Amino acid sequence: MRLSDCSLAELGRLIRSREVSAAELTEHYLERIERIDPKVRAYISVLEAEARRKAAEADRILAAGGGAGPLTGIPAALKDNICLEGAATTCASRMLENFYPPYSATAAEKLLRAGAVVLGKLNMDEFAMGSSTEHSAFFPTHNPWDTDRVPGGSSGGAAAAVAAGLAPYAIGSDTGGSIRQPASFCGVVGMKPTYGAVSRYGLVAFASSLDQIGPLTRTVADNALVLEAIAGYDPRDSTSVPDAPAGYAHGLENGVRGLKIGLPKEFFTSGLAPGVEKAVRDSVRRLEALGAETGECSLPHMDYALAAYYLIATAECSSNLARYDGVRYGLRAPARDMIGMFRASRSAGFGPEVKRRVMLGTYVLSSGYYDAYYLRAQKVRTLIREDYERVFAEYDVILSPTAPTAAYRLGEISDPLTMYMGDIYTIPVNLAGLPGISLPAGLTDGLPVGVQLIGRHFEEALLYRAAYALEQSGVFTARPALAEAE
Ligand code: GLN
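Throughout what follows, the structure given in this document is the object of discussion.

### Some thoughts on the overall build of the protein chain
Then, number 1: Regarding its fold elements, the protein chain presents 16 helices and eleven strands.
Then, number 2: For a compact globule of 486 residues, the expected C-alpha radius of gyration is about 23 Å, and the protein chain comes in at 21 Å, within 12% of that figure.
Then, number 3: Here the protein chain, with 486 residues, has 60% of them falling under the buried criterion.
Then, number 4: Counting only contacts in the protein chain whose residues sit at least 6 apart along the sequence, the fraction spanning at least 24 positions is 76%.
Then, number 5: Accessible surface, the protein chain as shown: approximately 18000 Å² in total, 53% of it carbon and sulfur.
Then, number 6: Counting 48 positive and 55 negative side-chain charges, the protein chain places the centres of these two groups 3 Å from one another.

### Digging into the sheet that holds strand E9 (residues 397-401)
Then, number 1: If you trace the eleven strands from one edge of the open sheet to the other, you get E1-E3-E2-E4-E6-E5-E10-E11-E9-E7-E8, paired in mixed fashion. Looking at which strands have only one partner, the edges of the open sheet turn out to be strand E1 (43-46) and strand E8 (293-297). Between one strand and the next, the sheet's axes are offset by a mean angle of 30°, whatever the strand orientation.
Then, number 2: With two bridges joining them, strand E2 (residues 75-79) and strand E4 (residues 169-174) adopt parallel strand pairing. Looking at E4, one finds that alanine 77 is bridged to alanine 170.
Then, number 3: Running at roughly 20° to strand E3 (residues 117-122), helix H2 (residues 22-40) makes contact with E1, E2 and E3 of the sheet.

### Let's talk about the pattern of salt bridges
Then, number 1: Scanning all chains against the criterion turns up 24 salt bridges.
Then, number 2: Note that arginine 52 is salt-bridged to glutamate 27, the shortest N-O span being 2.6 Å. Of this pair, arginine 52 sits in helix H3 (residues 48-64) while glutamate 27 is found in helix H2, placing the two residues 25 residues apart along the sequence.
Then, number 3: Between glutamate 57 and lysine 54 there is a salt bridge; the shortest N-O distance is 3.6 Å. A residue pair is termed a helical-turn pair when its members lie 3 or 4 positions apart in one helix, as glutamate 57 and lysine 54 do in helix H3 at three residues.
Then, number 4: Through salt bridges that share partners, Arg2, Asp5, Arg479 and Glu484 make up one connected network.

### A few points about the nonpolar core
For soluble globular proteins, nonpolar side chains are generally found buried alongside one another.
Then, number 1: Membership of the largest hydrophobic core comes to 154 residues, with the highest contact counts inside it found for Tyr43, Phe127, Tyr169, Tyr388 and Leu399.
Then, number 2: Considering each element in turn, this core owes the most residues, ten residues, to helix H9 (residues 305-320).
Then, number 3: If we skip the residues at most four places from it in the chain, tyrosine 169 touches Leu8, Leu71, Ile74, Pro75, Ala76, Ala77, Leu111, Ala116, Val162, Leu216, Thr217 and Val226.
Then, number 4: Core analysis: the second largest hydrophobic core is formed by seven residues, Phe185, Ala403, Tyr408 and Ile413 among them.

### With respect to the site of the ligand
Then, number 1: The local shell around the ligand holds 15 residues, among which Thr175, Gly176, Ser178, Tyr309 and Arg357 are the closest.
Then, number 2: At 2.9 Å from a nitrogen atom of the ligand is found a main-chain nitrogen or oxygen belonging to glycine 130.
Then, number 3: Out of a free accessible area of 290 Å², the ligand has 100% covered by protein chains.
Then, number 4: In the shell around the ligand, the residues fall into five nonpolar, seven polar and three charged.

### Let's talk about the environment of serine 199
Then, number 1: Structurally, serine 199 is set in the loop between strand E5 (189-192) and strand E6 (212-217).
Then, number 2: Between the C-alpha atom of serine 199 and that of alanine 231, which follows or precedes it by 32 residues, the distance is 6.9 Å.
Then, number 3: With residues up to four places along the chain from it excluded, the contact list for serine 199 reads Thr106, Ile213, Gly232, Asp234 and Asp237.
Then, number 4: One polar contact links the side chain of serine 199 to the main-chain amide nitrogen of tyrosine 201, over a distance of 3.0 Å.
Then, number 5: Within the structure, the side chain of serine 199 is placed 2.6 Å from the side chain of aspartate 234, a separation counted as a polar contact.

### With respect to helix H10 (residues 338-349)
Then, number 1: A rise of 1.5 Å per residue sets the reference length of H10, with its twelve residues, at 16 Å; its end C-alpha atoms lie 16 Å apart and thus fit the reference within 8%.
Then, number 2: Among the residues making up H10, those that are buried are Gly340, Met341, Ser345 and Gly349. Taken end-on, H10 shows its buried residues confined to a sector of 140°, consistent with a single buried face.
Then, number 3: The residue sitting at the N-terminus of H10 and contributing the capping side-chain oxygen is aspartate 337; that oxygen lies 2.8 Å from the backbone nitrogen of glycine 340.

### Topic: the pairing of E9
Then, number 1: Of all the five residues making up E9, five are buried; the element is thus mostly covered by neighbouring parts of the structure.
Then, number 2: Here two bridges tie strand E7 (residues 260-264) to E9, and the two strands are oriented parallel to one another. Paired with isoleucine 261 across the strands is valine 397, a residue of E9.

### Focus on the state of the cysteines
Then, number 1: For the structure on display, the rule yields zero disulfides.
Then, number 2: Free of any disulfide, cysteine 91 has its nearest neighbouring cysteine sulfur in cysteine 83, separated by 7.5 Å.
Then, number 3: On the accessibility criterion, cysteine 91 (0% relative accessible area) is buried.
Then, number 4: For the unlinked cysteine cysteine 186, the closest cysteine sulfur is that of cysteine 91, found at 20 Å.
Then, number 5: Assessed through its relative accessible area of 1%, cysteine 186 is described here as buried.

What counts and what doesn't
- Residues numbered from 1 in each chain as written.
- Predicted model: local features only at pLDDT ≥ 70, side-chain atom pairs only at ≥ 80, totals over all residues.
- Heavy atoms only, no water.
- Helix = DSSP H or I, 4+ residues; strand = E, 2+ residues; numbered from the N terminus.
- Rg over C-alpha atoms; globule rule 2.2 N^0.38 Å.
- Buried < 20%, exposed > 50% of the residue type's maximum accessible area, 1.4 Å probe, protein only.
- Contact = heavy atoms within 4.5 Å.
- Areas by Shrake-Rupley, 256 points an atom, 1.4 Å probe, with all protein chains shown as cover.
- Lys, Arg positive; Asp, Glu negative; His and termini not counted.
- Charge placed at Lys NZ, Arg CZ, Asp CG, Glu CD.
- Pairing = 2+ DSSP bridges.
- Axes fitted to C-alpha atoms, helices over the stretch in contact; angles between N-to-C directions.
- Salt bridge = Lys/Arg side-chain N within 4 Å of Asp/Glu carboxyl O.
- Core = buried A, V, L, I, M, F, W, Y, C linked by side-chain atoms within 4.5 Å.
- Near = heavy atom within 4 Å.
- Polar contact = N/O pair within 3.5 Å; in protein donor to acceptor, adjacent residues only side chain to side chain.
- Nonpolar A, V, L, I, M, F, W, Y, C, P; charged D, E, K, R; others polar.
- Expected span 1.5 Å × (residues − 1).
- Arc of directions from axis to C-beta.
- Disulfide = S-S within 2.5 Å.

Following this line, the structure appears as structure tokens:
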């Protein structure tokens, strides 16, 4: 078996038994990146020297015996909005092209302390605003299943890297679907944890009340392993939750017998591509065959979720991105006076999608419009959270498609509203702060389809259990041809 086909558990065993060294494993991935990434373009930067140094350090720890954990010596990659000390953290924006953070995000720090070897930083939509990675200021990423198609977004580089075997796992961020939707498009597993489960310290903020960091992996068990490593209370993030339950892989193999799974009727309507619906319904049947009980449920306020999200997220983004003014952070464009310098810097530093959102967000927060838009959106947010609470009084898990379609072609969607509509199944989960996982459910016309499982707050372990049962039923074993290239 090729190293790039191994699960994290298998890699960990090979490393700890010293059949493979961390240095060999790192070279394996660096070689694959050099050979395959020019077709995928998942990486914004590859940190060869630092990865080799870290691998050598892991090998010394392993040689000394003791002190090695499940991720020691195993390579990883980070979305480029997660700060890594001394490495460019660009958010795929001209604005931060030369930003070298003097500290690491807590999630990155935890991985480094666990002995992870960071291979590089991954492409994304600029400041995580988008669903296709076409909004990267540098270049688009290509879907490894069909390089004419998008990998999804905004964590498109992360999903593509894992799917193409260019990293054993990746860390992304999800504000309205940015982990789950690219996971769906690329045929990998992506978890958006409960809001507050993973520290946001060192994650460059987009919409702070929605942003959450999470893992993208090839298997469900790998995902639980990585979440275990990055989750936990952090005093540096005031929204991080103390005493959240850990043990994400606990009971992974306990199956779904008796589990009550709700299927929201609002999510199985027009707009859902037939091939996607077929794969998702097949997952439902498999779960039923394994003993789960399924039934139709209703989330009546879903029609308003997209509008509420695009008011709240843009409001928060306009506030968060005010700091990029050419003084405190980021690009500075020369001008004759100070206001001119602010204007020139922000004009040159931000791409069109970011500008659109900053303008929209500034508008909805402005006096006279605040009550009509922002405040009303917050009220809708409460109604959406209550919709889920009602369903969770009766069901343990909610199942839906992750995205209405499979991956589309690069350049195919040019109008922003159509792009926004692709987030219809993932956005409400962020508004309610719930955990959601996307895992592969099958193929349609040779492209992966994801199914999403949503749980109560902090019930990630239950989601992993249900996802694992579905995965083990053999629903999806394919890999993109590009990843097979020796
Ligand atoms: N696609 C959504 C947006 O454009 C979600 C992005 C995200 O989750 N970061 O806002």
